[in-house]
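Report on the structure
One letter stands for each residue in the lines below.
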Amino acid sequence: MANSHTSKADLRSLVRTLEPQLIAWRRDLHQHPESSFTEYRTASLIAQHLQTLGYAVTMGAQAQRGQARLWVPDAQHSTAARQWALAQGANPALVQRMGNGLTGLWADLVCPNDNYDGTDCCEEYPLVALRFDMDALELPEAASQTHRPAREAFASCRAGLMHACGHDGHVAVGLGLASLLAQLRPLLRGTVRLIFQPAEEGGIGAHPMELAGALHGVDYLIGMHLGIQAEHTGDVVCGTDCFLATTTFEITFTGSPAHAGMAPQEGKNALLAATTAVQNIHAITRHGDGVSRINIGQLRSGDAPNIIPPQAWLCGETRGISTAINDFMMGEVERMAHAAAQMWGCECSIRRIGECPSAASSTKLTDRVQSIAKSMGLFRNIRHTAHFWASEDFTWLMNAVQKTGGQAVFLQVGAKRSAGHHTSYFDFDEQALCPALELLARVTLSTLNAQGIV
Ligand SMILES: [Zn+2]
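Rules used throughout
- Residues numbered from 1 in each chain as written.
- Predicted model: local features only at pLDDT ≥ 70, side-chain atom pairs only at ≥ 80, totals over all residues.
- Heavy atoms only, no water.
- Helix = DSSP H or I, 4+ residues; strand = E, 2+ residues; numbered from the N terminus.
- Contact = heavy atoms within 4.5 Å.
- Pairing = 2+ DSSP bridges.
- Axes fitted to C-alpha atoms, helices over the stretch in contact; angles between N-to-C directions.
- Donors = N, O, S within 2.8 Å, 3.2 Å for Na, K, Ca; no water.
- Buried < 20%, exposed > 50% of the residue type's maximum accessible area, 1.4 Å probe, protein only.

A few words now on the environment of Cys346. Relative to the elements of secondary structure, Cys346 occurs in the loop between helix H9 (323-343) and strand S10 (347-356). Once you skip the residues sitting within four places of it in the chain, Cys346 turns out to touch Thr254, Gly255, Lys268, Asn269, Ala270, Ala273 and Ala341.

Once that is clear, we can look at the sheet that holds strand S12 (residues 407-413). Taken together, the eight strands give an open sheet; going across it, the order is S1-S2-S4-S3-S5-S12-S6-S11, and neighbouring strands pair in mixed fashion. For this open sheet the edge positions go to strand S1 (56-59) and strand S11 (381-387), each flanked by a neighbour on one side alone. Taking each pair of neighbouring strands and ignoring which way they run, the sheet shows an average axis angle of 20°. As defined by bridge partners, strand S6 (residues 235-241) adjoins S12 across two bridges and the pair is classed as antiparallel. Paired with Val237 across the strands is Gln412, a residue of S12. Seen against the sheet, helix H6 (residues 167-183) touches strand S2 (105-109), strand S3 (127-133), strand S4 (191-197) and strand S5 (220-226) and runs at an angle of roughly 150° to S3.

Turning next to the sheet that holds strand S9 (residues 311-320). Across the sheet, which stays open at both edges, the four strands sit in the order S8-S9-S7-S10 with antiparallel pairing between neighbours. Edge strands, defined here as strands with exactly one partner in the open sheet, are strand S8 (292-301) and S10. Sheet twist, expressed as the average angle between the axes of neighbouring strands with direction ignored, equals 15°. Looking at chain direction, strand S7 (residues 245-254) and S10 are connected through nine bridges and run antiparallel. Paired with Thr252 across the strands is Ser349, a residue of S10. Sheet contacts for helix H8 (residues 270-281): S7, S8 and S9; angle to S8, the most-contacted strand, approximately 165°. Against the sheet, H9 touches S7, S8, S9 and S10, its axis set at about 10° to S7.

Moving on to the coordination of the zinc ion. Only Cys165 (SG), His167 (NE2) and His225 (NE2) from the protein reach the zinc ion as donors, at distances of 2.2 to 2.3 Å. Donor residues for the zinc ion, ordered by position in the chain, follow C-x1-H-x57-H. Of the two residues, His167 is situated in helix H6 and His225 in strand S5; the sequence distance between them amounts to 58 residues. You'll find His167 and His225 in the same group, each marked buried.

Let's shift gears to the pairing of S9. Of all 10 residues in S9, eight are buried, a share of seventy percent or more. Pairing between S7 and S9: 10 bridges, direction antiparallel. Among the inter-strand pairings, Ile251 is bridged to a residue of S9, identified as Leu314. Note that S8 and S9 share nine bridges and pair antiparallel. Note on S9: the bridge partner recorded for Ser292 is Gly320.

Quick look at the structure:
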């Protein structure tokens, strides 16, 4: 048990004793993946663990603004996912509290000098929040014996669903951190909040949690990803900037059907409206203030060669180095789509199905992560900051904390991978779990001024 003389070596040995449990959690989660807003079993496991450790858990409708979700699975899909989770051991009372996809939760561990009253705590001490994402991807996992999860019998038990981004590892580290900090509670001078977020993929889970108050009063915010730009075990990227603001959208064009031989003049061709829009959207004049991206990745239309197609649907995304540039791109997408629809006598409707702002890690907090990473002696390759050039909905949370004068950082802990993120052969080196946990623990404890540890 920790006391005020807990040393650097002691903390490492506490982390090491958790390693078998970290790997067991990771493999259990890997085997039981859940997609965006259906993380019932995962969230139930987390809530139970945290409650047992003495954390105050906020979940369900209190932990996210349900109506602010840009996308939700349909009722049938949600019901089936809940039933699956219950059959796989999820706690029925906890699942009940998650309603229809309200799977995000946060849990507070207050310092022993404070009484938790459910709203605010430790006025004179900082509140440090750490965010872990929980969702898997709709992707079939490789069954080949060359793929370690298949060979060692912890591959996904669900067809078409897979943890192919490492979020199973993130949750395992979050659970380990919860255990570790509960053991060190007598040393804490402030509050730790562990945020477990659903639906990171697609950029739709963070904002509803922010709107429900997940960042209220947070002074320091830490997010972590395994791998990505920290490619080898032993690498660490202490802070990340150049997160691109992004919007994912779908556009439906509606025209009128007609016989292509007898009465083509009576038709309004939605396929042509959609393809006109695609060509012109890709030709949007770029903004002079910084980089932007555009992609139409899906297009569906038509039933037969002799029918003027009355419907077309497309899906795409814009990105920008600033939120303003992304807004400019999206404004142009809307203008082009309406103009293309009008040109072909069709109607169009545009729906935003995912969105996140741009962000950058706070320099001072990145400096702190770097000096702690250096002092640990576990990392061979330490980078201060990497430019992300991609998007993460953690940026909603970073912006919320930075806007109120707090500091936020997104760090990347190196993990050797068997294949790229978001592919069927993705797996990562579990030797990365302990260094990730130790780094997060040391940054948290140093921020909370826990004497005698860091
Ligand atoms: Zn990810």
